[in-house]
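# A closer look at the structure
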Amino acid sequence: MILLILIAVTVLISYKGFNDLSFFRKYEFHIGSIHKGEQIRMLSSGFLHVDMTHLVFNMITLWFFAPLVLSYLGNWTFVLIYLGSLIFGNLLTYVFNKTNYSYRAVGASGAVTGVLYSAILLQPDMMLGLFFVIPIPAYLFGILYLLYSIYGMKSQSDNIGHSAHFGGAVGGYVITLIEQPQLLVEHTLMVILLTIPIIVLFIMQRLGKL
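### Notes on the packing of helix H5 (residues 52-73) against helix H7 (residues 109-122)
Taken N-terminus to C-terminus, the directions of H5 and H7 make an angle of 35°; their axes are 8 Å apart at the nearest point. Both H5 and H7 take part in a crossing whose hand is left-handed. Every residue of H7 that contacts H5 at His54, Asn58, Thr61, Leu62, Phe65, Ala66, Leu68, Val69, Tyr72 and Leu73 is listed here: Ser109, Val112, Val115, Leu116, Ser118, Ala119 and Leu122. Its residues assigned to classes, the contact of H5 with H7 shows 12 nonpolar, five polar and no charged.

If you want it as structure tokens, here you go:
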């Protein structure tokens, strides 16, 4: 039920944004407005989407992976992971774009990526489809995805919010480990491997490579 409510709320708010530009502009992620004190955008932007394709892709991905997280952790921890990953993704986006006052973004991608990474931590040996075709272990998919996000953040060659994806993944990773510390023992190698891209990102940031 909590998953259906979350999807319904996101669909309704996104649909409102599709048809009401002033509503969309008021609640999107916008660096300049956040600098002026409109921190609500850190949360509200995750319930808006650019178009129907953007919305459907995020909600389908959520539908696939949320049941696993819900079955392991329950409703309230799932909501904590979703909202925490959303905010963490936007915080990282803010950090990397804080001098670009015109930067705008919307979407639940950070939150959804956090749920995906929580699922990977909980069941790292499950198989995922790379490009929906090539079978690949979940933990390897997670590592490659984060490395790709770092590349996207560095190259800035598309309109994808790679920093929100990366931040969301870190949020899901951290919150899941806090809620389930036994995973550090049960899946030690996977936890270490998934940490590597996070360390790479922060080293590159400190060296000014991003």
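### What about a nonpolar patch on the surface?
Where nonpolar side chains cluster on the molecular surface, the patch consists of Met1, Leu4, Ile5, Val9, Tyr15, Met52, Val56, Ile60, Trp63 and Phe64 and spans about 1,100 Å² of accessible area. Secondary structure elements with two or more residues in the nonpolar patch: helix H1 (2-19) and H5. Top element by residues in the nonpolar patch is H5. It accounts for five residues. Positionally, Tyr15 belongs in helix H1.

### Quick look at the pattern of salt bridges
This model, assessed by the stated rule, comprises four salt bridges. Residues Lys16 and Asp20 are paired through a salt bridge, measuring 3.1 Å at the closest nitrogen-oxygen approach. For Lys16, a relative accessible area of 39% translates into the label partly exposed. A salt bridge links Glu38 to Arg41; its shortest N-O distance comes to 2.7 Å. Each of Arg25, Glu28 and Arg104 takes part in salt bridges that share partners, so that together they form one network.

### Let's talk about the nonpolar core
Within soluble globular proteins, side chains that are nonpolar generally end up buried alongside one another. Counting 50 residues, the largest nonpolar core has Leu62, Phe78, Tyr82 and Val115 as the members making the most contacts within it. When contributions to this core are tallied by element, the ones reaching two or more residues are H1, H5, helix H6 (75-97), H7, helix H8 (138-155), helix H9 (162-179) and helix H11 (188-206). Listed in part, the five residues of the second largest apolar core include Phe29, Ile31, Ile34 and Tyr103.

### A look at the side chain of His165
Counting through the fold element by element, His165 comes out in helix H9. Here the side chain of His165 touches Ser109 through a polar contact of 3.5 Å, side chain to side chain.

### Considerations on the environment of Tyr72
With respect to the secondary-structure elements, Tyr72 resides in helix H5. Distance in space between the C-alpha atoms of Tyr72 and Ala119 is 9.0 Å, their sequence separation being 47 residues. Not counting the four nearest positions on each side in its chain, Tyr72 is found in contact with Leu122 and Gln123. Within polar-contact distance, the side chain of Tyr72 engages the side chain of Gln123 at 3.4 Å.

### A short note on the side chain of Thr10
Examined against the element boundaries, Thr10 turns out to sit in helix H1. Looking at Thr10, its side chain comes within polar contact range of the main-chain oxygen of Leu6, at 2.8 Å. Apart from the residues within four sequence positions on either side, Thr10 is in contact with Phe47, His49, Leu55, Met59 and Tyr82.

Procedures and definitions
Residues numbered from 1 in each chain as written. Predicted model: local features only at pLDDT ≥ 70, side-chain atom pairs only at ≥ 80, totals over all residues. Heavy atoms only, no water. Axes fitted to C-alpha atoms, helices over the stretch in contact; angles between N-to-C directions. Helix = DSSP H or I, 4+ residues; strand = E, 2+ residues; numbered from the N terminus. Left-handed = near helix turned anticlockwise from the far one by under 90°. Contact = heavy atoms within 4.5 Å. Nonpolar A, V, L, I, M, F, W, Y, C, P; charged D, E, K, R; others polar. Patch = residues over 30% accessible without salt bridge, like charges linked within 9 Å, V, L, I, M, F, W, Y side chains within 5 Å. Areas by Shrake-Rupley, 256 points an atom, 1.4 Å probe, with all protein chains shown as cover. Salt bridge = Lys/Arg side-chain N within 4 Å of Asp/Glu carboxyl O. Buried < 20%, exposed > 50% of the residue type's maximum accessible area, 1.4 Å probe, protein only. Core = buried A, V, L, I, M, F, W, Y, C linked by side-chain atoms within 4.5 Å. Polar contact = N/O pair within 3.5 Å; in protein donor to acceptor, adjacent residues only side chain to side chain.

None of this, on its own, says anything about what the molecule does.
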